[in-house]
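# Tertiary structure, described
Each chain, letter by letter, is given below.
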Amino acid sequence: MALLVAGLVVGLPVAHAVFGEVVALLGGAAALGFFVGRWTAPPRG
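Note that the structure is predicted; figures quoted are calculated from it, not measured.

Cut-off values and rules
Residues numbered from 1 in each chain as written. Predicted model: local features only at pLDDT ≥ 70, side-chain atom pairs only at ≥ 80, totals over all residues. Heavy atoms only, no water. Helix = DSSP H or I, 4+ residues; strand = E, 2+ residues; numbered from the N terminus. Buried < 20%, exposed > 50% of the residue type's maximum accessible area, 1.4 Å probe, protein only. Areas by Shrake-Rupley, 256 points an atom, 1.4 Å probe, with all protein chains shown as cover. Axes fitted to C-alpha atoms, helices over the stretch in contact; angles between N-to-C directions. Parallel < 35°, antiparallel > 145°, perpendicular 65-115°, else oblique. Left-handed = near helix turned anticlockwise from the far one by under 90°. Contact = heavy atoms within 4.5 Å. Phe/Tyr/Trp six-rings, centres within 6.5 Å; stacked < 30°, edge-to-face > 60°.

All right, on to the overall build of the protein chain then. Within the protein chain one finds two helices and zero strands. Within the span of the protein chain, comprising 45 residues, buried residues form 9% of the whole. Total accessible area on the protein chain is roughly 3800 Å²; 76% of this is exposed by carbon and sulfur atoms.

Take the packing of helix 1 (residues 2–19) against helix 2 (residues 21–40) next. One can describe the packing of helix 1 onto helix 2 by two numbers: an axis separation of 7 Å at closest approach and a directional angle of 155°. Classified by the angle between their axes, helix 1 and helix 2 sit roughly antiparallel to one another. Taken as a pair, helix 1 and helix 2 cross one another with a handedness that is right-handed. Touching Leu-4, Leu-12, Ala-15, His-16 and Phe-19 of helix 1 are Glu-21, Val-23, Ala-24, Gly-28, Phe-35 and Trp-39, all from helix 2.

To continue, consider the packing of aromatic side chains. On inspection of all chains with the given rule, the structure shows two aromatic pairs. Centre to centre, the rings of Phe-34 and Phe-35 are 5.4 Å apart; their planes meet at 75°, and the pair counts as edge-to-face. Judged by its relative accessible area of 51%, Phe-34 is exposed. Ring geometry for Phe-35 versus Trp-39: centroids 5.9 Å apart, planes at 35°, classification tilted. Remark: Trp-39 and Phe-35 occur in helix 2; sequence separation between them is four residues, near one turn of the helix. Put simply, the rings of Phe-34, Phe-35 and Trp-39 touch in pairs and so form one group of aromatic residues.

Now the structure itself:
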């Protein structure tokens, strides 16, 4: 969880500065969707 928070705190402002607001928003939404999907997925087996 700490890595996710650190990644968002550092990654989103950098993405915003380098690529613009749209890419930062889409990237943040994709990352959040990926992690929420992984955390809530049923166990494989």
